[in-house]
Amino acid sequence: MEMVTLQVENHIGYIQINRPNELNCFNYETLTKLQHVVDELHINGEVRVVVITGAGDKAFSAGADLKERRHLNEREVKRNVKAIRDVFQSIAELPQPTIAAINGYAFGGGFELALACDFRIAVSHAKMGLTEVSWAIIPGAGGTQRLPRLIGQAKAMELILTAKKINAEEAYHLGILHSVVEKEQLLPSCIQLAEEMLQNGPLALQQAKYAILQGMNVDLQTGLAIEAKAYEVIIPTADRTEALEAFSEKRKPNFKGE
């Protein structure tokens, strides 16, 4: 059984962590497979939006595979932590917009995976949290950095240092989730969001995402310079010309990502 699967349909790439009996936890092999899939998507021009979820109904991912971790030596633990940090950073750096479809538990590394995505939609029964300190470790795959940037230092500090588990409604009100839906609406809601983005120029989506993320942690003038460069990338594209022609002809543009 493939531990990570990828399906592509209508310009949407669907990544699934496929270890439902282990709550979709990350062992080293799973991380290696996920990195391979993400690397493939990074250069796949046909995929314009990425949706990431977990197999089954119980868990998006409950984080690191502690059964495996228990038998690792210090060198192997460092290897695993680097692997999970690197693959989540690769996901954060995907040029395509990414949506985490949180179908259940998202703890530790599973929550960090969701935080590495651009959008997060969860089922109403989902629970999530950075629970690492309860295992005498710390979030090591971006959690201590991404969560404060998302919801502010004080609340992130509380959630991380108490290892608190929160439900979907709490996460929504904190600004972690973009929406909360019932189980049967999770994938349709993700597809609806993806399709709203797919109506737009795919290269423009990528450059807008790039400008936002690169500009978040710099001063305004530097951010404006990043935005200007991102805009310049779009000017010579066929899609920009197509948009102007479609407007003139009062029709819907046919974007090709060129």
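Scroll up for the structure.
Residues numbered from 1 in each chain as written. Predicted model: local features only at pLDDT ≥ 70, side-chain atom pairs only at ≥ 80, totals over all residues. Heavy atoms only, no water.

In this structure the tally under the stated criterion is two aromatic pairs. Aromatic side chains Tyr 105 and Phe 107 sit 5.5 Å apart centroid to centroid with 20° between the ring planes, which places their arrangement in the stacked category. (Phe/Tyr/Trp six-rings, centres within 6.5 Å; stacked < 30°, edge-to-face > 60°.)

Here we come to helix 1 (residues 28-42). Every α-helix carries 3.6 residues per turn, so stepping three or four residues along brings you back to the same face. Spanning 15 residues, helix 1 covers 21 Å between terminal C-alpha atoms, matching the ideal 21 Å at 1.5 Å per step. Taken together, the buried positions of helix 1 are occupied by Thr 30, Leu 31, Leu 34, Gln 35, Val 37, Val 38 and Leu 41. Along the axis of helix 1, the buried residues cluster in a sector spanning 165°; they form a single face. Where helix 1 is buried, its residues meet strand 1 (4-9), strand 2 (12-17), strand 3 (49-54) and helix 3 (74-92). (Helix = DSSP H or I, 4+ residues; strand = E, 2+ residues; numbered from the N terminus. Expected span 1.5 Å × (residues − 1). Buried < 20%, exposed > 50% of the residue type's maximum accessible area, 1.4 Å probe, protein only. Arc of directions from axis to C-beta. Contact = heavy atoms within 4.5 Å.)

The next subject is the sheet that holds strand 9 (residues 166-167). On the basis of which strands lie adjacent, the open sheet formed by four strands has the order 4-6-8-9 and mixed pairing. A strand with exactly one partner marks an edge of an open sheet, and here the two such strands are strand 4 (59-61) and strand 9. As defined by bridge partners, strand 6 (residues 105-107) adjoins strand 8 (residues 127-129) across two bridges and the pair is classed as parallel. In the sheet register, Ala 106 faces strand 8, and the bridge partner there is Met 128. (Pairing = 2+ DSSP bridges.)

Let's shift gears to unusual backbone geometry. In this structure, Leu 23 is a non-glycine residue whose phi angle is positive, near 55°. With respect to the element layout, Leu 23 can be found in the loop between strand 2 and helix 1. A relative accessible area of 28% means that Leu 23 is categorised as partly exposed. A positive phi is found at Ala 163, a non-glycine position, where the angle reads about 55°. Taking the relative accessible area as the measure of exposure, Ala 163 reaches 12% and is therefore buried.

Note that every value here comes from positions in space, so none of it alone points to a role or purpose.
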